[in-house]
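# Geometric and topological summary
Residues per chain are reported as follows:
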Amino acid sequence: QVQLVESGGGLVQAGGSLRLSCAASGNVFSIGAMGWYRRPPGKQRELVARVTNGGDTNYADSVKGRFTISRDNAENTVYLQMNNLKAEDTAVYYCNAAINYGLPRWGQGTQVTVSS
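An account of the accompanying structure is given in this report. (Residues numbered from 1 in each chain as written. Predicted model: local features only at pLDDT ≥ 70, side-chain atom pairs only at ≥ 80, totals over all residues. Heavy atoms only, no water.)

## Topic: the pattern of salt bridges
Evaluated as defined, the whole model comprises 4 salt bridges. A salt bridge links Lys64 to Asp61; its shortest N-O distance comes to 3.0 Å. Exposure class is identical for Lys64 and Asp61. Each is exposed. One network of salt bridges, with partners in common, ties together Arg38, Glu46, Arg66 and Asp89. (Salt bridge = Lys/Arg side-chain N within 4 Å of Asp/Glu carboxyl O. Buried < 20%, exposed > 50% of the residue type's maximum accessible area, 1.4 Å probe, protein only.)

Right, here's the structure in full:
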């Protein structure tokens, strides 16, 4: 089975940094766009950042200038570098990827908590 597994979440003080990773494993022969989404407490899931297989990126306005998305195609991995974290960044962060030309897949999520 193809799996997406996130890691790197945790508890951090406001102004600090975290780096999230998401690795695809299993029978992977193609990955298209990859992205990070988050679900704050009591709110709907929202797009944080997205990167195409060609390297084009998009960011939510709330994270521009603070977060950076990148990918390593050789390792089937996407990263999210989060700097200058704010309390409002607290959420469960989910990895998303289009694998093997199929429907987008989701990771299990990783908790990011920012204390102020």
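Anyway, onward from the coordinates.
## Describing unusual backbone geometry
Although it is not a glycine, Asn76 adopts a positive phi angle of roughly 50°. The residue Tyr101 is not glycine, and still its phi comes out positive at about 65°. Along the chain, the position of Tyr101 falls in the loop between β9 (91–99) and β10 (104–106). (Helix = DSSP H or I, 4+ residues; strand = E, 2+ residues; numbered from the N terminus.)

## Here's the deal with the pairing of strand β4 (residues 31–39)
The pairing of β4 with β9 spans 7 bridges and is antiparallel. Across the sheet, the residue bridging to Gly35 is Asn96, located in β9. Judged from the 5 bridges that link them, β4 and strand β5 (residues 46–51) form a sheet pairing that is antiparallel. Within β5, the residue paired with Met34 across the bridge is Val51. (Pairing = 2+ DSSP bridges.)

## Section: the side chain of Ser21
Here Ser21 shows up in strand β3 (residues 18–25). Given a relative accessible area of 19%, Ser21 falls into the buried group. When near neighbours in sequence (up to four residues on either side) are disregarded, Ser21 contacts Val5, Glu6, Ser7, Trp36, Val78 and Tyr79. (Contact = heavy atoms within 4.5 Å.)

## Focus: the environment of Glu75
Structurally, Glu75 is set in the loop between β7 (67–72) and β8 (77–82). Along the primary structure Glu75 and Ala23 are separated by 52 residues, whereas in three dimensions their C-alpha atoms are 7.4 Å apart.

Taken by themselves, the reported measurements are silent on function.
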